[in-house]
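Summary of structural features
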There are 2 protein chains.
Amino acid sequence: MRQNPERRAALLDAAIEVLAAQGARGLTFRAVDQQAGVPVGTASNYFASRDALLVQAGERVFTKLDPNAAPAPADLPRTREGVDRAMRAMVERITAYPSGYLAVLELRLESTRRPQLREVLTGQVRGHFQKDLDLHREAGMPGDEQAMTLLYLALAGLIVERLTLPGFIGPDAVDPLVTALVDRIVPAE
Amino acid sequence: MRQNPERRAALLDAAIEVLAAQGARGLTFRAVDQQAGVPVGTASNYFASRDALLVQAGERVFTKLDPNAAPAPADLPRTREGVDRAMRAMVERITAYPSGYLAVLELRLESTRRPQLREVLTGQVRGHFQKDLDLHREAGMPGDEQAMTLLYLALAGLIVERLTLPGFIGPDAVDPLVTALVDRIVPAE
DNA sequence: ACTGTACCACTACACATGAAGTGGTGCCAA
DNA sequence: TTGGCACCACTTCATGTGTAGTGGTACAGT
């Protein structure tokens, strides 16, 4: 088993791209090798099995999607308007990097068949959501936990819609929908 | 090309199960044959190509998911409470038939790579949503189009969450979330 | 009642694709 | 010089598509 961490990370990033482009079933050692531009057999040397590759890709994609997730809270007003701006930024950020979220969706579906992967994903989602919740509360933003859960679900739905059938909800409809959502979900201050 | 309509329908139903169980990439003629319990080669005789199979499965799954979609409006109060009941029933109905919605999710992701499939799915989603909208309005239920769109997105998000990572949002949390959602989205009467 | 036709279920096969795993070679650094 | 790593060649295997072909059956024309 090879150890080089940069190379391993590069392979995982390639795996994420493959997931988005070809689906979970298309995630093979060779496809990863090709995407990463390394010789055939490399991925096979870094991951014991396809399962391991899948799980590690699942771990990585969240660390790539989320860390920048909290760029805002600091200089944002602690009002509904502030929440609105944060949410719009989040939707913008995620839809601007489709591969990442599409890979997550593929992994979610694949986790239907792989208990181990499901464990990992559930832990990741729970953890990141909890962190966002804590940040939100510590920043003194309006909206209780239930409100944030509802926002999370609706935005997730919106993002899925935008990424998979962009013709249904057009690009111009996004911001108004997010604003309307926040207006209705987050209590007036 | 074979014509027997019952057999074709049975093959498409089998295709939906395969989609849910094995993903879009697992949808092969042979897998469909096996799932439907018919001899190898049958599906190949009924569909000109894998593409055609995918598209026709995409058409069918919506007709199977939706028609029962409007069992309620008649005897439901034209109030927020009525909307709440309708929405809870809908979530219940969809999560009770996981294969159907999981197949839709697989198709959505696959449509990322297949323009023709994307066209079909976009049309189906748009059409069914519009129909629901019309029924809702004609029944005199509270909530304008934007409110219904927000409800749709949030419930879609909730369903995805329930079907793919059931450990994150537990089964007992569903009804309260739906009720809270409707309370916040649909204006008080 | 007989025969021919059309359709269909089922079978078999030819061809292609793509992947996994293994073993080996050369290189570089400790 | 020894160990770890990148790279490569080759074998083996599994799976799927598309199509051709076979036998059976229902139906219609005569």
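Remember, it's a predicted structure, so these values are computed and weren't measured experimentally.

Thresholds applied
Residues numbered from 1 in each chain as written. Chains lettered and ligands numbered in written order. Predicted model: local features only at pLDDT ≥ 70, side-chain atom pairs only at ≥ 80, totals over all residues. Heavy atoms only, no water. Helix = DSSP H or I, 4+ residues; strand = E, 2+ residues; numbered from the N terminus. Buried < 20%, exposed > 50% of the residue type's maximum accessible area, 1.4 Å probe, protein only. Contact = heavy atoms within 4.5 Å. Areas by Shrake-Rupley, 256 points an atom, 1.4 Å probe, with all protein chains shown as cover. Lys, Arg positive; Asp, Glu negative; His and termini not counted. Charge placed at Lys NZ, Arg CZ, Asp CG, Glu CD. Core = buried A, V, L, I, M, F, W, Y, C linked by side-chain atoms within 4.5 Å. Near = heavy atom within 4 Å. Polar contact = N/O pair within 3.5 Å; in protein donor to acceptor, adjacent residues only side chain to side chain. Nonpolar A, V, L, I, M, F, W, Y, C, P; charged D, E, K, R; others polar. Least-squares fit on C-alpha atoms with pLDDT ≥ 70 in both. Buried area = accessible area lost by both parts, 1.4 Å probe. Salt bridge = Lys/Arg side-chain N within 4 Å of Asp/Glu carboxyl O. Domains from an automatic or database assignment.

Before going further, it helps to examine the overall build of chain A. The number of helices and strands found in chain A is nine helices and zero strands. Reading chain A from its N end, one meets helices and strands in the order α-α-α-α-α-α-α-α-α. In terms of its C-alpha atoms, chain A occupies a principal-axis envelope of roughly 60 × 35 × 30 Å. When each of the 189 residues of chain A is scored for burial, the buried share is 49%. Taking as baseline every contact in chain A between residues at least 6 positions apart, the subset at least 24 positions apart corresponds to 70%. Carbon together with sulfur atoms contributes 52% to the accessible area of chain A, which is approximately 8,300 Å² in total. Between the averaged position of the 22 positive side-chain charges in chain A and that of its 24 negative side-chain charges there is a distance of 7 Å.

Take the nonpolar core next. Formed by 132 residues in total, the largest nonpolar core has its most connected members in Tyr 101 and Leu 151 of chain A together with Tyr 101 and Leu 151 of chain B. Other than its neighbours up to four places away in sequence, Leu 151 of chain A contacts Val 83, Met 87, Leu 181, Val 182, Ile 185 and Val 186 of chain A.

All right, on to the protein's contact with DNA strand C then. Inspection of the region around DNA strand C gives Thr 28, Phe 29 and Arg 30 of chain A together with Arg 2, Gln 3, Asn 4, Arg 7, Pro 39, Val 40, Asn 45 and Tyr 46 of chain B as its neighbouring residues. When the atoms of DNA strand C within 4 Å of the protein are grouped by moiety, sugar and phosphate amount to 66% of the total. Asn 4 of chain B is positioned with one of its side-chain polar atoms (N or O) 3.1 Å from a phosphate oxygen of DNA strand C. Between DNA strand C and the protein, one listed contact pairs a phosphate oxygen with a side-chain N or O atom of Tyr 46 of chain B at 2.7 Å. Within the residue set of the surface near DNA strand C, elements represented by two or more residues are helix 2 (29–36) of chain A together with helix 3 (42–46) of chain B. When the residues that make up the surface near DNA strand C are grouped by side-chain class, the tally is four nonpolar, four polar and three charged.

All right, on to the relation of the copies chain B and chain A then. Of the two same-sequence chains, chain B is brought onto chain A (RMSD 0.1 Å, axial shift 0.0 Å) by a rotation of 180°. Given the turn and translation reported, the copies of this chain are related as if by a two-fold rotation axis. A shared interface surface links the copies, since 100% of the contact residues of chain B are contact residues in chain A too.

Chain B puts 47 residues into the contact, and the matching count from chain A is 47 residues. Regarding the contact of chain B and chain A, the summed buried area is about 4,000 Å², with carbon and sulfur atoms giving 63% of it. Of all residues in chain B, Leu 165, Phe 168 and Arg 184 of chain B give up the largest surface area on contact with chain A, accounting jointly for 19% of the area buried on that side. In this structure, the connection of chain B to chain A is made through six salt bridges. With a shortest N-O distance of 3.6 Å, Arg 184 of chain A and Asp 144 of chain B are connected by a salt bridge. Run the count over chain B and chain A and you get 20 residue pairs in polar contact (both at pLDDT 80 or more). Breaking the side of chain B that touches chain A down by element, the ones donating at least two residues are helix 1 (5–22), helix 6 (98–111), helix 7 (115–138), helix 8 (145–164) and helix 9 (174–185) of chain B. At 13 residues, the largest contribution of residues to the side of chain B that touches chain A is made by helix 8 of chain B.

With that out of the way, let us pick up the domain arrangement of chain A. Residues and elements named next belong to chain A. By the assigned domains, chain A splits into domain 1 (5–53) and domain 2 (65–185). A C-alpha centroid distance of 27 Å is found between domain 1 and domain 2. Every contact between the two is made by eight residues of domain 1 and, on the other side, ten residues of domain 2. Summing both partners gives a buried area of about 740 Å² for domain 1 against domain 2, and 54% of it is carried by carbon and sulfur. Of all residues in domain 1, Leu 19, Ala 20 and Asp 51 give up the largest surface area on contact with domain 2, accounting jointly for 49% of the area buried on that side.

A word on the pattern of salt bridges. Per the stated rule, a full pass over the model turns up 26 salt bridges over all chains. Between Asp 183 of chain A and Arg 80 of chain A there is a salt bridge, with its nearest N and O atoms 3.7 Å apart. Here the residue Asp 183 of chain A occupies a position in helix 9 (residues 174–185), and Arg 80 of chain A occupies one in helix 5 (residues 80–95), the gap between them amounting to 103 residues. A relative accessible area of 22% means that Arg 80 of chain A is categorised as partly exposed. Where salt bridges share partners, they join Asp 51, Glu 110, Arg 113 and Arg 114 of chain A together with Glu 106 of chain B into one cluster.

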